[in-house]
Amino acid sequence: MRKPEWDYGNDGAYFITICTKDRKKSFGKVGNGVMERSEIGDLVQKFWAEIPGHFPFVELGEFVVMPDHFHGIIVINNNSRKPVETPNLGVSTVVDKKEENRKPGTIGVMINQFKRICTIHARKIDPNFSWQSRYYDHIIRDDIAFNRISEYIRKNPEKLGSS
């Protein structure tokens, strides 16, 4: 559930987690604390890294592709926002039906477009590939939380590999 009173196009840092449908391990495997990405995992990594090219007011923090989910930090900095026409890409992965989450430059639009391009290419490899319909977000409130979440993301493969 999104925070109803929050505009997800606001400046700030956002911790995002997106899972595959039924937690299917489509992105690879962890061995000895190291994530070995599959071809689909490589696509997810590539398309996430390209987000700032489509949204020039966005910076990426730490991110990691795990076997059945993805963690990443998106930082919106509207001071660097340039007027950009966002074409209607016919996004089919609806995250939230509220109109404000369809505004160009919001987290919902970014995640929808990211999931859409990943799905198009992943289904060329695995026709049954799918995401969970929703994603988890957390608004990062301060530097302490930002650093703690960044460390969590960096250490995620190690934790999985040691259990």
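That block above? That's the structure.
None of the values given here were measured: they were computed from a predicted structure.

Quick question: what am I supposed to make of the nonpolar core here?
Formed by 30 residues in total, the largest nonpolar core has its most connected members in Ile16, Ile74, Ile107 and Phe114. Listed by contribution, the elements that provide at least two residues to this core are β1 (12-19), α1 (39-49), β4 (58-65), β5 (69-76) and α3 (107-122). Here this core takes 7 residues from α3, the largest share from any one element. Residues in contact with Ile107, not counting those within four places in the same chain, are Tyr8, Tyr14, Ile16, Ile74, Ile76 and Tyr135. Among the nonpolar cores identified, the runner-up in size contains 9 residues, and Ala13, Phe15, Ile140 and Ala145 belong to it.

Just to check I follow, could you spell out α1 for this structure?
Since the α-helix packs 3.6 residues into each turn, any two residues three or four apart lie on the same face. Within α1 the residues assigned to the buried category are Ile40, Gly41, Leu43, Val44, Phe47 and Trp48. Take α1 and look down its axis: the buried residues cluster within an arc of 155 degrees, on one side only. On its buried side, α1 packs onto β1, β3 (34-37), α2 (51-54), β4, β5 and α3.

Can you walk me through the pattern of salt bridges in this structure?
When the charged atoms of two side chains with opposite charge come close together, those side chains can pair. This structure, assessed with the given rule, holds 8 salt bridges. Residue Asp126 is joined to Lys24 by a salt bridge in which the shortest nitrogen-to-oxygen separation is 2.7 Å. With Asp126 in the loop between α3 and β6 (136-140) and Lys24 in the loop between β1 and β2 (28-31), this residue pair connects regions lying 102 residues apart in the sequence. With a relative accessible area of 39%, Lys24 lands in the partly exposed category.

Can you walk me through the packing of aromatic side chains in this structure?
The description of two aromatic rings rests on the distance between their centres and on the angle between their planes. Across all of its chains, the model carries 13 aromatic pairs by this definition. An angle of 55 degrees between the planes, with centres 6.5 Å apart, marks the rings of Trp48 and Phe63 as tilted. Taken together, the positions of Trp48 in helix α1 and Phe63 in strand β4 put the pair 15 residues apart, joining distant regions of the chain. The exposure class of Trp48 is buried, given its relative accessible area of 0%. Of the residues examined, Phe63 reaches a relative accessible area of 24% and is grouped as partly exposed. Where Trp48 meets Phe114, the ring centres are 5.1 Å apart and the plane angle is 85 degrees; that geometry is what we call edge-to-face. Note that Trp48 is positioned in helix α1 and Phe114 in helix α3, a separation of 66 residues in sequence.

Can you help me understand the sheet that holds β4 in this one?
Strand-to-strand pairing in sheets goes through backbone hydrogen bonds, with the strands running parallel or antiparallel. Overall, antiparallel pairing links the 4 strands, which are arranged β4-β5-β1-β6 in an open sheet. For this open sheet the edge positions go to β4 and β6, each flanked by a neighbour on one side alone. Neighbour-to-neighbour, the strand axes of this sheet turn through a mean angle of 15 degrees, independent of strand direction. Sheet topology places β4 next to β5; 6 bridges connect them, and they run antiparallel. Along β5, the bridge assignment pairs Val65 with Phe70. Strands in contact with α1 are β1, β4 and β5; relative to β4, the strand with the most contacts, it is inclined by about 165 degrees. Its contacts with the sheet place α3 against β1, β4 and β5, and it is angled at close to 35 degrees to β1.

Criteria and cut-off values
Residues numbered from 1 in each chain as written. Predicted model: local features only at pLDDT ≥ 70, side-chain atom pairs only at ≥ 80, totals over all residues. Heavy atoms only, no water. Core = buried A, V, L, I, M, F, W, Y, C linked by side-chain atoms within 4.5 Å. Buried < 20%, exposed > 50% of the residue type's maximum accessible area, 1.4 Å probe, protein only. Helix = DSSP H or I, 4+ residues; strand = E, 2+ residues; numbered from the N terminus. Contact = heavy atoms within 4.5 Å. Arc of directions from axis to C-beta. Salt bridge = Lys/Arg side-chain N within 4 Å of Asp/Glu carboxyl O. Phe/Tyr/Trp six-rings, centres within 6.5 Å; stacked < 30°, edge-to-face > 60°. Pairing = 2+ DSSP bridges. Axes fitted to C-alpha atoms, helices over the stretch in contact; angles between N-to-C directions.

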